[in-house]
Amino acid sequence: MVLQRFADTYVDSTPGLVGTGSKLEIAEPGNTTSYTVVADVKALPAVGGAPQEIDVTTLADTRAKQLEGIQAASSMAFTVQYKGPSWNAIQPKANDRKQYNWRITYPDGMTATFTGSFSIQVAALATNAALTYTLTVSVSDGPDFSQSPTTGASNPS
């Protein structure tokens, strides 16, 4: 039994990984060392993307041909639980068009870093429901992934 799992310092992702413990952080433009947790994120979007395809088909070809182009940066929408203090910290920065540095840290320590400005949209609210908002980052650079600190062989599915 790995007791370190319960010490909140080590997560063995060899058998797989659950999202509990993931966090979204922000750093001021130009700062890539001092990140601050944004808020209580409820859902992370898909991170990354496929490269654009460049059509190189000629009239002599019998099938379409493509080459791999550059990877398209897309926006990422995070669902965040509204809480007054964290809202007060992030909301004034929304829509200021500054290129903030962002980091998603997964439970095993793997990270995805990217740069972009962001906007906020408060979600619809109904009876007996929690207030949330969507924080959408318009990615201008990245994402760049780190290696997982977990070592060992993966378990085949």
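Please read these numbers as outputs of a predicted model, since none were measured by experiment.

Caption draft 1: Summary view of the pattern of salt bridges. One pass over the full model with this rule turns up five salt bridges. Glu 25 is the salt-bridge partner of Arg 103, the closest N and O atoms lying 2.8 Å from each other. With Arg 103 in strand S7 (residues 100-105) and Glu 25 in strand S1 (residues 23-27), this pair connects stretches of sequence that are 78 residues apart. Lys 65 serves as the salt-bridge partner of Asp 61, at 3.1 Å between the closest nitrogen and oxygen. Judged by its relative accessible area of 43%, Lys 65 is partly exposed. Within the structure, one salt-bridge network assembled from shared partners comprises Lys 23, Glu 25 and Arg 103.

Caption draft 2: Inspection of the packing of aromatic side chains at higher detail. Scanning the entire structure with this criterion turns up five aromatic pairs. Plain terms: the ring middles of Trp 102 and Phe 114 are 6.4 Å apart, the flat faces sit at 10° to each other, and that makes the pair stacked. Of this pair, Trp 102 sits in strand S7 while Phe 114 sits in strand S8 (residues 111-122); the two residues are twelve residues apart in sequence, bridging distant segments of the chain. With relative accessibility at 0%, the residue Trp 102 sits in the buried group. Overall, Phe 114 belongs to the buried group, its relative accessible area being 2%.

Caption draft 3: The arrangement of the sheet that holds S7 in detail. Spatial ordering of the open sheet is given by S2-S1-S7-S8-S9-S6-S3, a layout of seven strands whose pairing is antiparallel. Both edges of this open sheet fall to strand S2 (36-37) and strand S3 (40-43), since each of them pairs with a single strand only. In this sheet, strand S9 (residues 132-145) lies alongside strand S6 (residues 75-81) in antiparallel orientation, the contact comprising seven bridges. Residue pairing in the sheet places Gln 81 in a bridge with Thr 132 of S9.

Caption draft 4: Seen up close, unusual backbone geometry. Put simply, Gly 142 and Pro 143 share a cis peptide bond, and its omega is 5°. With respect to the helices and strands, the residue Pro 143 is situated in strand S9. One non-glycine residue with positive phi stands out, namely Asn 95, at about 65°. Checked against the element boundaries, Asn 95 lands in the loop between helix H1 (84-90) and S7. Assessed through its relative accessible area of 54%, Asn 95 is described here as exposed.

Caption draft 5: Quick peek at the side chain of Asp 108. Position of Asp 108 relative to the elements: it lies in the loop between S7 and S8. Judged by relative accessible area, which is 9%, Asp 108 ranks as buried.

Caption draft 6: View of empty space enclosed by the protein. This structure, assessed with the given rule, holds one cavity of 30 Å³ or more. Here the largest cavity defines a volume of roughly 50 Å³. In this structure, the largest cavity is lined by Ala 46, Gly 48, Gly 49, Gln 71, Ala 72, Ala 73, Ser 74, Met 76, Val 139, Gly 142 and Pro 143. Looking at the lining of the largest cavity, the element that brings in the most residues is S9, giving three residues. Split into classes, the residues belonging to the lining of the largest cavity amount to six nonpolar, five polar and no charged.

The rules behind these values
- Residues numbered from 1 in each chain as written.
- Predicted model: local features only at pLDDT ≥ 70, side-chain atom pairs only at ≥ 80, totals over all residues.
- Heavy atoms only, no water.
- Salt bridge = Lys/Arg side-chain N within 4 Å of Asp/Glu carboxyl O.
- Helix = DSSP H or I, 4+ residues; strand = E, 2+ residues; numbered from the N terminus.
- Buried < 20%, exposed > 50% of the residue type's maximum accessible area, 1.4 Å probe, protein only.
- Phe/Tyr/Trp six-rings, centres within 6.5 Å; stacked < 30°, edge-to-face > 60°.
- Pairing = 2+ DSSP bridges.
- 1 Å grid on protein atoms, 1.4 Å probe; cavity = no way out; pocket = protein on both sides within 12 Å on 5 of 7 lines; lining within 4 Å.
- Points joined across faces, edges and corners; volume = space filled by probe spheres on them.
- Nonpolar A, V, L, I, M, F, W, Y, C, P; charged D, E, K, R; others polar.

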